[in-house]
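Coordinates in review
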Amino acid sequence: MSYKFFPLLALLPCLILADDQDAGHDSRPNVLFIMSDDHAAHGVSAYGGRLAEIAPTPTIDRLANEGALFKNAFCTNAICSPSRACVLTGQYNHTNGAFDLSGRVSPGKQTLAIEFGKAGYHTAMIGKWHLKDEPADFHFYSVLAGQGTYFDPQFRIRGEKKWGKNTIKYEGQHSTDAITDITLNWLKKEWDQEKPFFLMHHYKAPHDYFENAPRYEDFLKDVAIPEPATLWKRDERWGSLATRGHRDELIPHIGTSNGARNPRRNYLIDLPPRFPAEFPSDFNPDKHSDEENTRLAYNAYLKKFLRCVRGIDDNLARLFKHLEESGQLDNTLIIYTGDQGFMLGEHDFQDKRWMYEESQRMPLLIRYPKSIKAGTIIDSCVENVDFAPTMLDMAGLKIPSSMQGQSFKEQLETGKEPSDWKQAAYYRYWMHMAHHDNPAHIGIRTKTHKLIYFYACNYDGGYQTPPAWELYDLVKDPHETVNLYDDPAHAALVTSLKKELAETRKRVGDDGSHYPKAEQVVQEFWDYDAKDREKAAKISKHFLKRRKAELAAGKRHINTYEGQTNDGFPQE
Ligand code: CA
């Protein structure tokens, strides 16, 4: 039988599909993508770790208990706007153009919203957006302006006026509560239930400066927060010329700190005026030892952060309860992640941006009981560019060729890694020495090792800090305390990983053409021979002088950026 003679039969598949959708029987899953801001995996109790017992996250953990947990999910650039752009487009930042915090994804390019919309999904974007342009490719949006505020948050909505001018304010509310209320309201009143939904639900919390709702003020009040060993003592074998400087001379100036190590920016300067209740009433850092100061700052930091996390966990309980009561919970693919990780005192660092584990790793927990077995643990290296193709694939939709990421649906459904799956995650942080004094770097992360190359210059090749390489064995040394790059026993591994890094750059298309002057520096120090090391030591000395002069001049924001001062950077 051929369609030639039975033309009506040719229409049959369409009719069935249309009928199915019209009748509200669309069997495709809803997709709920939940992303917090700066919530590290080691701040989720399902991942274990030193904070799991004192600050459990039972609601988030539920997704892993009843679904899958990814041990090796990584962002490709550990900072807010770029990571969001990767998730939305399925592309690396050198492709989607969102290299740093000035990154944007314009209407017409918000691929996930476009693809789900085309397929008949009802799409919504609620909470922190941080990609500048209007989220116009979503059917509905209610998003914070830029970073937004923790209290009395204001949201940009669609309206008569120009993008950004139509706003609604949630007076007296905390942002985590308000974002959940907006989502609940959308699900109850706005969602067209004839269609499955694709909903991006993004919290501002626990981004710095960690302002929790007042009801959490007593949480962890009398608890001494467990400390990472590297907060106090960095192994002498840790780091490189890039992170320590020549003869350790740059230790104060690379990476912002908990205690007083970094004189330009640290939590002893930043937290006492913001959160006086976390410090003794007559607090004066000059009257305490370095150790006492660091412990006070670290505890204030972690408590505020974990209180914000608790607000997220409690609010997700409200959201999941609604899905359960409305019969949607098991029809919904639920994904929880953070836009990247966060250093919670490890190596005496704060913030993200680093390729070190705590910052590069993303929490990733996914529940969809119709095809994911409860308690699935996945150790494949997956990147944030893989999230978009996976969501489309799980919904049975085609993955557009513009997406560079791969779907990990097979891992979710079988718990096994396909034989052709990538073996290394790519990483590149471009914002050299901005905000938190992190040198620009590039690298790969395999299941067992990490190779980091601090090429350490601006887009235009300027404001150099010393370039260097670091290699960590994540099986024997999960906290990255011993740099093995110069260990003769690892010379062959260094050679093969460098080759893999070069090949990965080709695979993802980061070929140096975007910023040729930075690429010249990347190439110059690639082999890192004796001459390169000598030059790096000179750069270290030169930078130290420069930094001391900047500090003496009282400048707080001091990096140059394409000819501008750091004050010209968009909000973090
Ligand atoms: Ca972030």
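Residues numbered from 1 in each chain as written. Predicted model: local features only at pLDDT ≥ 70, side-chain atom pairs only at ≥ 80, totals over all residues. Heavy atoms only, no water.

Here's the deal with the side chain of T256
Counting through the fold element by element, T256 comes out in the loop between helix 7 (241-244) and helix 8 (267-274). The residues contacting T256, other than those within four sequence positions of it, are R261, N262, R264, R265, D348, F349, Q350, H435, H436 and D437. (Helix = DSSP H or I, 4+ residues; strand = E, 2+ residues; numbered from the N terminus. Contact = heavy atoms within 4.5 Å.)

Description of the coordination of the calcium ion
Perfect tetrahedral coordination of a metal by four donors corresponds to 109.5 degrees between them, and perfect octahedral coordination by six donors corresponds to 90 or 180 degrees. Note on the calcium ion: its protein donors are D37 (OD), D38 (OD), C80 (SG), D339 (OD), D339 (OD) and Q340 (OE1). The metal-donor distances range over 2.1 to 2.6 Å. For the calcium ion, the 6 donor atoms are set out with angles of 53 to 162° between them, so the coordination reads as irregular. Sequence spacing among the residues donating to the calcium ion works out to D-D-x41-C-x258-D-Q. Within this pair, whereas D37 is found in the loop between strand 1 (30-36) and helix 2 (58-65), its partner C80 is found in helix 3 (residues 80-89), the two being separated by 43 residues in sequence. Its relative accessible area of 0% is what places D37 among the buried residues. According to the relative accessible area criterion, C80 is buried, its value standing at 0%. (Donors = N, O, S within 2.8 Å, 3.2 Å for Na, K, Ca; no water. Tetrahedral: all angles 85-135°; square planar, octahedral: opposite > 155°, others 65-115°. Buried < 20%, exposed > 50% of the residue type's maximum accessible area, 1.4 Å probe, protein only.)

So, unusual backbone geometry
The general pattern is negative phi for most residues beyond glycine and trans for most peptide bonds. Here A205 and P206 are connected by a cis peptide whose omega angle stands at -5°. Structurally, P206 is set in the loop between strand 8 (197-202) and helix 7. Cis geometry marks the peptide bond from D208 to Y209; its omega dihedral reads 0°. One non-glycine residue with positive phi stands out, namely D248, at about 65°. Positionally, D248 belongs in the loop between helix 7 and helix 8.

Quick notes on the domain arrangement of the protein chain
Along its sequence, the protein chain is carved into domain 1 (28-214 + 300-423) and domain 2 (426-552). In this complex, domain 1 contributes 34 residues to the contact, which on the side of domain 2 involves 36 residues. Ranking the residues of domain 1 by area buried against domain 2 places H94, R353 and M355 at the top, with a combined share of 28%. Taken together, domain 1 and domain 2 are joined by 4 salt bridges. A salt bridge links K450 to E357; its shortest N-O distance comes to 2.6 Å. Put simply, domain 1 and domain 2 have 21 residue pairs in polar contact (both at pLDDT 80 or more) between them. Taken together, the elements giving at least two residues each to the side of domain 1 that touches domain 2 come down to helix 4 (93-96) and helix 10 (357-360). Of the residues contributing to the side of domain 1 that touches domain 2, the split by class is 11 nonpolar, 11 polar and 12 charged. (Domains from an automatic or database assignment. Buried area = accessible area lost by both parts, 1.4 Å probe. Salt bridge = Lys/Arg side-chain N within 4 Å of Asp/Glu carboxyl O. Polar contact = N/O pair within 3.5 Å; in protein donor to acceptor, adjacent residues only side chain to side chain. Nonpolar A, V, L, I, M, F, W, Y, C, P; charged D, E, K, R; others polar.)

Section: the pattern of salt bridges
Under the defined criterion, the tally for this structure stands at 47 salt bridges. We note a salt bridge from E278 to R307, for which the minimum N-O separation is 3.0 Å. With E278 in the loop between helix 8 and helix 9 (290-325) and R307 in helix 9, the pair connects residues that are 29 residues apart, well separated along the chain. For E278, a relative accessible area of 16% corresponds to the buried category.

Topic: the sheet that holds strand 13 (residues 425-429)
Neighbouring strands of a sheet are bound in pairs by backbone hydrogen bonds; such pairs are parallel or else antiparallel. Ordered by their spatial adjacency, 4 strands build an open sheet running 13-14-15-16, and the pairing between neighbours is antiparallel. Two strands bound the open sheet, and with one partner strand each, they are strand 13 and strand 16 (468-473). Adjacent strand axes in the sheet meet at a mean angle of 10°, parallel and antiparallel pairs treated alike. Across the sheet, helix 13 (residues 491-508) is in contact with strand 13, strand 14 (441-445), strand 15 (449-454) and strand 16; its angle to strand 14 comes to roughly 105°. (Pairing = 2+ DSSP bridges. Axes fitted to C-alpha atoms, helices over the stretch in contact; angles between N-to-C directions.)

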